[in-house]
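Analysis of the macromolecular model
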Amino acid sequence: MSTADYFQKLYQQPDPFHYRSRWYEARKRALTLACLPRLRYASAWELGCSNGVLTAALAARCDALLGTDISAEALAEAAISTQAWPGVTLQRAHHPGDWPPGRFDLIVVSEVGYYLDTTALALMARQLHASLADDGLLLACHWRHPFDEARTTTPQVHRALSATLREAFTYQDEDLLLQGWSTLPISVAQQEGLR
């Protein structure tokens, strides 16, 4: 089954990963938001926005936010989740083949990297680095347990994404790996004049 077919079947229900009901998902969103070193981002992009639950949370911190997903059904749900946020744009895309123009000061890759084989993952990593603004942050969060649909592992995904970038932060527990990278050092204390 192709990745597109897998997600089309999966999104016959509006919340197949239980983003709205599981504590695991609510906690992961809170960790993701807490790790963002800036209060606001001018231009952000979330790959694999799914039904828009994280998208809506990110929108509160972004002037403009692009959410992309392979599933038209997921995007229909995302439109409902983000209707209060006029700065959100949703587009159907199959990455790395479909790629938006421009550069972003925040790029979020959450739970999507391991659906790519190693060749597509390497291409996506190069394209992500090119799409990241000079002072931008690339954030990735992935499930650490194996599952049938994964074509690569979480460590493979994060190694590919980290190439040529400096690590800004890492959080890891039994279930997830959350990391951020940038081209420049990031210090919240320095941004606020504390050092």
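What counts as what
Residues numbered from 1 in each chain as written. Predicted model: local features only at pLDDT ≥ 70, side-chain atom pairs only at ≥ 80, totals over all residues. Heavy atoms only, no water. Core = buried A, V, L, I, M, F, W, Y, C linked by side-chain atoms within 4.5 Å. Buried < 20%, exposed > 50% of the residue type's maximum accessible area, 1.4 Å probe, protein only. Helix = DSSP H or I, 4+ residues; strand = E, 2+ residues; numbered from the N terminus. Contact = heavy atoms within 4.5 Å. Axes fitted to C-alpha atoms, helices over the stretch in contact; angles between N-to-C directions. Left-handed = near helix turned anticlockwise from the far one by under 90°. Phe/Tyr/Trp six-rings, centres within 6.5 Å; stacked < 30°, edge-to-face > 60°. pLDDT = per-residue confidence, 0-100. Expected span 1.5 Å × (residues − 1). Arc of directions from axis to C-beta.

1. Considerations on the nonpolar core
Counting residues in each nonpolar core, the largest one holds 22 residues, and the members touching the most others are Ile107, Val109, Leu128, Leu138 and Leu161. Where this core is concerned, the elements lending two or more residues are β1 (41-47), β4 (104-110), α5 (118-131), β5 (132-143) and α6 (154-162). In terms of residue count, the dominant contributor to this core is α5 (five residues). Beyond its immediate sequence surroundings of up to four residues, Val109 is in contact with Leu47, Met124, Leu128, Leu138, Leu139, Ala140, Cys141 and His142.

2. So, the packing of α5 against α6
Orientation of α5 relative to α6, taken along the N-to-C sense of each, is 35°, at an axis distance of 8 Å. Between α5 and α6 lies a crossing of right-handed hand. In this structure, α5 uses Thr118, Leu121, Ala125, Leu128 and His129 to contact α6, whose residues at the interface are Gln156, Val157, Ala160 and Leu161.

3. Observations concerning the packing of aromatic side chains
A complete count under the given rule lists six aromatic pairs for this structure. Where Tyr114 meets Phe147, the ring centres are 4.9 Å apart and the plane angle is 80°; that geometry is what we call edge-to-face. Linking Tyr114 in the loop between β4 and α5 with Phe147 in the loop between β5 and α6, this pair joins segments that are 33 residues apart in sequence. Taking the relative accessible area as the measure of exposure, Tyr114 reaches 3% and is therefore buried. Looking at Phe147, the relative accessible area reads 24%, which means it is partly exposed. Ring geometry for Tyr115 against Phe147: centres 5.7 Å apart, planes inclined by 65°, an arrangement best described as edge-to-face. A residue pair is termed long-range when its members are at least 10 positions apart, and Tyr115 in the loop between β4 and α5 and Phe147 in the loop between β5 and α6 qualify at 32 residues. The structure contains a cluster of three or more aromatic residues connected by ring pairs, namely Trp45, Trp99 and Phe104.

4. A look at the confidence of the model for the chain
Summing up the model confidence of the chain, the mean pLDDT is 91 and the portion of residues at 70 or higher is 95%. Here helix α1 (residues 3-10) is the element of the chain with the lowest mean pLDDT, 66, and β1 is the one with the highest, 98.

5. Regarding helix α2 (residues 23-35)
For α2, built from 13 residues, the straight-helix expectation of 18 Å at 1.5 Å per residue is met to within 8% by its first-to-last C-alpha distance of 18 Å. Listing the buried residues of α2 in full gives Tyr24, Glu25, Lys28, Arg29 and Thr32. Projected down its long axis, α2 shows its buried positions confined to an angular sector of 135°, all on one face. Turned more than 90 degrees away from the buried face of α2 sit Trp23 and Ala34, all of them exposed.

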